[in-house]
Amino acid sequence: MGTEHSKNERQRSMFFLRKGPKLPAWEDALLSGKEPKSLLKRGLRYVSLSLIMKGMTSAPDFLWGLPEVQKLNLSRNQLVVIPPSLGKLDRLVVLNLGGNCLKCLPKEIGLLRNLKVLFVNMNCLTELPAELSLCRKLEVLSLSHNCISQLPLSFTDLTSLRKLNLSNNRFVQIPLCIFALRNLDFLHLGSNRLEGIAESVQYLVNLQIFIIENNNIRSLPRSLCFLTTLELLNVDYNAIQTLPDDLYLLCRLPRIAWNPMDKGLHIAHNPLSRPLPEVIEGGLDALFNYLREKKEHN
């Protein structure tokens, strides 16, 4: 009898919970008659939770009671804020917050000491918390399509970072802290407001892909030619008129490239001075031979 009574009470409670006017529709759909842990998927490597495209305007409270989650996807919702409770998920390895309406990140993100991959692309960020630099295991960081114009100096501590996407933001110059990230092999700064590239770019000794298309860059520094690991250099849609004579040192560039996905030198849509446009029509070898001979005669 007591068991029957308790069962009825739970059913009544669940009924009122579901019918309550303050419960968002997406949360009702997720938890109607379910335990939050039932949403977790246990793979070979990670415990994951995907709440992509659920129409959420705020993160569900039950989320912060799932400390075992390692991969969390909250992308393509309408999240306006991520609460400090995010710091409770300290086992997170992959966090996807892309495609929301976030204007800032909580400083508690620095508590995610196991985080390796972070996507916060396509939001409304204007700045980043310095505490993000405490995520020392971070290897992949995408901040594209935001409104960011500078990075915290503490980003120099992100020494494990290998891939950094800062495209479609408001950078006027490459933040100095980036040049300390010696393990970077991918750097995307396309569609910003860059007017030049500092000579310090030479310190990115492991860089393989460097994309700086669609900026206001007028010239390439000679030090760029010392990045002999480069396999893709995209400077399309800039204001470049001349090329450094030592560009031929970039021997891993396989060709003049036209397809955005191809490795090689992308240099279309620049006001190159003559005879460079004609030389480039002959391919990369012709360009490198021209630059080499030009240097020898100077």
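Above this text is the structure in question.
Fair warning: this is a prediction, and the values are worked out from it, not measured in the lab.

Participant: With reference to specific residues and values, describe the side chain of H188.
Facilitator: Here H188 shows up in strand β8 (residues 186-188). Within polar-contact distance, the side chain of H188 engages the backbone nitrogen of G190 at 3.1 Å. Setting aside its immediate chain neighbours within four residues, H188 contacts L164, N165, L166, S167, I211 and E213.

Participant: An account of the packing of aromatic side chains is requested, with residue identities and associated values reported.
Facilitator: On inspection of all chains with the given rule, the structure shows zero aromatic pairs. Over the aromatic face of Y248 sits the side chain of R292, whose NZ or CZ is 4.6 Å from the ring centroid.

Participant: Now, about the environment of P260: what can you tell me, with residues and values included?
Facilitator: With respect to the helices, strands and loops of the structure, P260 is situated in the loop between β10 (232-234) and β11 (264-266). Overall, P260 belongs to the exposed group, its relative accessible area being 60%. Between the C-alpha atom of P260 and that of L232, which follows or precedes it by 28 residues, the distance is 9.7 Å. In contact with P260, other than residues within four places in its own chain, are L232 and H266.

Participant: Explain the sheet that holds strand β9 (residues 209-211) to me, and be specific about the residues and the numbers.
Facilitator: Overall, mixed pairing links the 11 strands, which are arranged β1-β2-β3-β4-β5-β6-β7-β8-β9-β10-β11 in an open sheet. At either margin of the open sheet sits one strand with a lone partner, and together these are β1 (41-42) and β11.

Participant: I'd like a description of helix α4 (residues 284-297), backed by residues and values.
Facilitator: Helix length check: α4 (14 residues) gives 20 Å between terminal C-alpha atoms against 20 Å at 1.5 Å per residue, within 8%. Listed as buried for α4 are L284, L287, F288 and L291. When α4 is viewed along its axis, its buried side chains cluster within an angular range of 95° and face the same direction. Exposed side of α4, more than 90 degrees from the buried face: D285, E296 and H297 are the residues found there. For α4, the elements touching its buried residues are β11 and α3 (276-280).

Participant: Describe the nonpolar core, listing the residues and the values that go with them.
Facilitator: Counting 83 residues, the largest nonpolar core has F210 and L287 as its most contacted members. For this core, the elements supplying multiple residues, two or more each, are β2 (47-50), α3 and α4. For this core, the leading source of residues is α4, giving four residues. When neighbours within four sequence positions are excluded, L287 is seen to be in contact with L243, I256, L265, L276, V279 and I280.

Participant: Would you mind going over the environment of T156 in detail, with residue names and values included?
Facilitator: Tracing the backbone through its elements, the reader meets T156 in the loop between β6 (140-142) and β7 (163-165). It is 6.9 Å that separates the C-alpha atoms of T156 and I178, two residues lying 22 residues apart in sequence. The residues contacting T156, other than those within four sequence positions of it, are C177, A180 and L181. A polar side-chain atom of T156 sits 3.2 Å from the main-chain carbonyl oxygen of L153.

Participant: Any details on a positive patch on the surface? Residues and values, ideally.
Facilitator: Taken together, R45, K71, K116 and K137 make up a surface patch of like positive charges. By the secondary structure assignment, K71 is in strand β3 (residues 71-73).

Participant: Could you give an account of the pattern of salt bridges, with specific residues and numbers?
Facilitator: This structure, assessed with the given rule, holds 11 salt bridges. Taking the shortest distance from any N to any O, the salt bridge between E231 and K263 comes out at 2.6 Å. Placement of E231 in the loop between β9 and β10 and of K263 in the loop between β10 and β11 is noted, with a sequence separation of 32 residues between them. Assessed through its relative accessible area of 17%, E231 is described here as buried. Judged by its relative accessible area of 40%, K263 falls in the partly exposed class. Close ionic contact of K294 with D245 constitutes a salt bridge, the shortest N to O distance being 3.6 Å. With K294 in helix α4 and D245 in the loop between β10 and β11, the pair connects residues that are 49 residues apart, well separated along the chain. Here the salt bridges share partners, and the residues they tie into one network are E139, R162, K163 and D185.

What counts, and where the lines are drawn
- Residues numbered from 1 in each chain as written.
- Predicted model: local features only at pLDDT ≥ 70, side-chain atom pairs only at ≥ 80, totals over all residues.
- Heavy atoms only, no water.
- Helix = DSSP H or I, 4+ residues; strand = E, 2+ residues; numbered from the N terminus.
- Polar contact = N/O pair within 3.5 Å; in protein donor to acceptor, adjacent residues only side chain to side chain.
- Contact = heavy atoms within 4.5 Å.
- Phe/Tyr/Trp six-rings, centres within 6.5 Å; stacked < 30°, edge-to-face > 60°.
- Lys NZ or Arg CZ within 6 Å of the ring centre and 35° of its normal.
- Buried < 20%, exposed > 50% of the residue type's maximum accessible area, 1.4 Å probe, protein only.
- Pairing = 2+ DSSP bridges.
- Expected span 1.5 Å × (residues − 1).
- Arc of directions from axis to C-beta.
- Core = buried A, V, L, I, M, F, W, Y, C linked by side-chain atoms within 4.5 Å.
- Patch = residues over 30% accessible without salt bridge, like charges linked within 9 Å, V, L, I, M, F, W, Y side chains within 5 Å.
- Areas by Shrake-Rupley, 256 points an atom, 1.4 Å probe, with all protein chains shown as cover.
- Salt bridge = Lys/Arg side-chain N within 4 Å of Asp/Glu carboxyl O.
- Lys, Arg positive; Asp, Glu negative; His and termini not counted.
- Charge placed at Lys NZ, Arg CZ, Asp CG, Glu CD.

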